[in-house]
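Understanding the architecture of this molecule
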Number of protein chains: 2
Amino acid sequence: MNVGIFTFDDIEVLDLGGPFEVFSVASRVKPRLEPGSSPPFNVFMVSETTAPVRARNNFIVTPAFSFADHPAIDLLVIPGGIVTAELKKETVIQWITSTAAKAQLIAGVCTGSFLLAKAGLLDGKHATTHWSDIAAMKSMFPNVTVEENVRWIDQGSIITSAGISAGIDMSLHLVSRLQSESLALATARQMDYRWLRDGHDTPPHTP
Amino acid sequence: MNVGIFTFDDIEVLDLGGPFEVFSVASRVKPRLEPGSSPPFNVFMVSETTAPVRARNNFIVTPAFSFADHPAIDLLVIPGGIVTAELKKETVIQWITSTAAKAQLIAGVCTGSFLLAKAGLLDGKHATTHWSDIAAMKSMFPNVTVEENVRWIDQGSIITSAGISAGIDMSLHLVSRLQSESLALATARQMDYRWLRDGHDTPPHTP
């Protein structure tokens with residue numbers, strides 16, 4: 001399964017690194033868990049071009065593929081960060097729309113939900129985003145039922161998660177759904193991660 | 001405070017991205033929490049050269065500085081991953097030794113502990129690493145008291161954490177220690193992260 005992660009300037013480092021790590025580790029762990037099996041996920045970054053991308057705080061990454069040359073994407077991941085510029089780019093929204101139409105599954109992390117909403121992919125659906133952006137998302141996208149205090153919302157072919165680290169929990173949920181619960185648990189164990197397994201789970205909110 | 005994160009081929013993506021995110025978000029959050037205050041951390045990647053580095057599973061990052069040209073490092077972070085090649089590089093071990101000597105604090109994530117041990121920085125001290133590497137670390141470094149089933153071990157000027165995601169919890173602990181508990185809590189909240197605040201906390205281990 002090809003997992004393509006959209007990468008752009010001002011992307012949040014952990015929105016990108018969290019899902020990348022989960023699908024990478026799941027692929028590393030599966031052949032150990034089930035000898036003879038193949039790595040289930042092929043994970044890569046995709047951007048408008050293959051030029052280096054400046055994630056937040058000057059974390060520079062180089063995407064493997066551009067919009068023009070990437071392999072078919074089965075699972076499209078749209079991370080968040082500062083998405084103001086991306087929301088205004090017709091090329092980006094059109095690429096999300098057309099890539100999503102061919103994908104089996106679409107997953108948004110944090111403010112990545114805004115990009116999915118802008119592409120019309122969340123119309124009539126339930127979705128979530130970072131807690132500090134709930135009000136803005138409700139106001140910008142009245143056709144989306146925006147929910148708060150949830151870790152992720154799985155709507156079948158599209159799934160969105162709460163802020164930053166919630167992308168890790170959502171990705172583990174997808175490993176469980178697409179592969180097996182035992183692989184998701186082994187992946188969390190390999191990552192030494194305390195997986196919040198319930199989509200309705202929320203981290204403690206400090207004052 | 002300059003936070004320099006050593007970056008190398010086959011580094012684990014989340015070992016690098018987790019601490020990078022924590023110190024970046026803490027710097028973003030502090031001026032909001034305490035109006036008029038400055039961002040407390042300046043986070044950057046350092047590698048042997050400034051050429052792009054291939055983290056695990058082809059995640060390509062470009063370090064900001066090389067060994068030869070980086071600013072003074074106050075907090076030196078040594079992430080893990082596949083460290084076999086790095087352990088054999090005299091330049092790397094020497095750089096870690098000399099940079100650590102000038103740093104206020106040294107933090108190892110996951111198998112980054114092996115690099116710190118190789119540089120002699122853990123001799124006579126307690127330390128931890130990824131659960132699957134505990135036995136190897138004990139056998140390779142008999143002068144280090146390697147502990148298991150801990151999230152991190154704070155030895156004052158040097159601190160080591162368990163696997164991959166434990167670097168996030170250790171970094172939040174450092175934000176709390178170096179700045180304030182309220183900033184660490186606000187950082188975890190901004191990251192939507194359930195911080196494992198106790199160094200003796202461990203994530204659930206699946207069979």
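Residues numbered from 1 in each chain as written. Chains lettered and ligands numbered in written order. Predicted model: local features only at pLDDT ≥ 70, side-chain atom pairs only at ≥ 80, totals over all residues.

**Comments concerning the overall build of chain A**
Stated precisely, the cut-off is as follows: By the criteria applied, helices consist of DSSP H or I runs no shorter than four residues and strands consist of E runs no shorter than two, each listed in order from the N terminus. Only C-alpha atoms enter the radius of gyration; for comparison, a globular chain is expected to reach 2.2 Å times N to the power 0.38, where N is the number of residues. In this scheme every C-beta is placed from the backbone, and a residue whose C-beta has 20 or more other C-beta atoms within 10 Å is buried, one with 12 or fewer is exposed, and one in between is partly exposed. The contact criterion used is a C-beta to C-beta distance within 7 Å, with each C-beta placed from the backbone.
Of the regular secondary structure elements, chain A holds seven helices and eleven strands. Computed over C-alpha atoms, the radius of gyration of chain A comes to 16 Å, within 12% of the 17 Å expected from 2.2 N^0.38 for 207 residues, which places it in the range of a compact globule. Here the C-alpha coordinates of chain A stretch approximately 50 × 40 × 35 Å along the principal axes. Buried positions account for 56% of the 207 residues belonging to chain A. When contacts within chain A are restricted to residue pairs at least 6 apart in sequence, those whose partners lie at least 24 apart make up 62%.

**A word on the interface of chain A and chain B**
Many analyses report the size of an interface as the accessible area lost when the parts associate. What counts here: In this count, Pro and Cys sit with the nonpolar residues alongside Ala, Val, Leu, Ile, Met, Phe, Trp and Tyr, while Asp, Glu, Lys and Arg are called charged and the others, Gly among them, polar. What makes two strands pair is DSSP finding at least two bridges between them.
Of the residues lining the interface, 35 residues belong to chain A; the matching set on chain B comes to 35 residues. Looking at the side of chain A that touches chain B, the elements that each hand over two or more residues are α1 (13–33), β4 (59–62) and α7 (181–190) of chain A. Per-element tally for the side of chain A that touches chain B: the top contributor is α1(A), with six residues. Across the side of chain A that touches chain B, the residue classes tally to 20 nonpolar, ten polar and five charged. With three bridges connecting them, β4(A) and strand β4 (residues 59–62) of chain B associate as antiparallel partners. When the bridges of β4(B) are listed, A:V61 appears paired with B:V61.

**Notes on the packing of helix α1 (residues 13–33) of chain B against helix α6 (residues 166–178) of chain B**
All names here are of chain B. Note the cut-off: Fitted lines through C-alpha atoms give the axes, limited to the stretch in contact for helices. The angle between two N-to-C directions lies from 0 to 180 degrees. Angle categories: roughly parallel below 35 degrees, roughly antiparallel above 145, roughly perpendicular from 65 to 115, and oblique for all the rest. Should the near helix be turned counterclockwise from the far one by less than a right angle, the crossing is left-handed, whereas a clockwise turn marks it as right-handed.
One can describe the packing of α1 onto α6 by two numbers: an axis separation of 8 Å at closest approach and a directional angle of 30 degrees. When the axis of α1 is compared with that of α6, the two are roughly parallel. For α1 against α6, the interelement crossing comes out right-handed. Here α1 contributes D15, G18, P19, V22, F23 and A26 to the contact with α6, which in turn contributes G167, I168, S171, L172 and V175. Taken together, the residues of the contact of α1 with α6 break down into seven nonpolar, three polar and one charged.

**Let's talk about the environment of A:G18**
All names here are of chain A. Here G18 is to be found in helix α1. Separated by 104 residues in the primary sequence, G18 and L122 have C-alpha atoms spaced 23 Å apart. In this view, G18 contacts S165, G167, I168 and S171; residues no more than four positions away in its chain are not counted.

**Remarks on the sheet that holds strand β10 (residues 152–154) of chain B**
Residues and elements named next belong to chain B. Read from one edge to the other, the open sheet built from seven strands follows the order β5-β2-β1-β6-β7-β11-β10, with strand pairing classed as mixed. Two strands lie at the open edges of the sheet, namely β5 (65–66) and β10, each paired on one side alone. Strand direction decides the pairing type here: strand β6 (residues 75–78) and strand β7 (residues 105–108), joined by four bridges, are parallel. Along β7, the bridge assignment pairs I78 with G108.

**Structural notes on the confidence of the model for chain A**
Inclusion rule: Per residue, pLDDT measures the predictor's confidence, with a range of 0 to 100.
Averaged over every residue, the pLDDT of chain A is 96; residues scoring 70 or more account for 98%. Predicted complex metrics record ipTM = 0.96 and pTM = 0.97.

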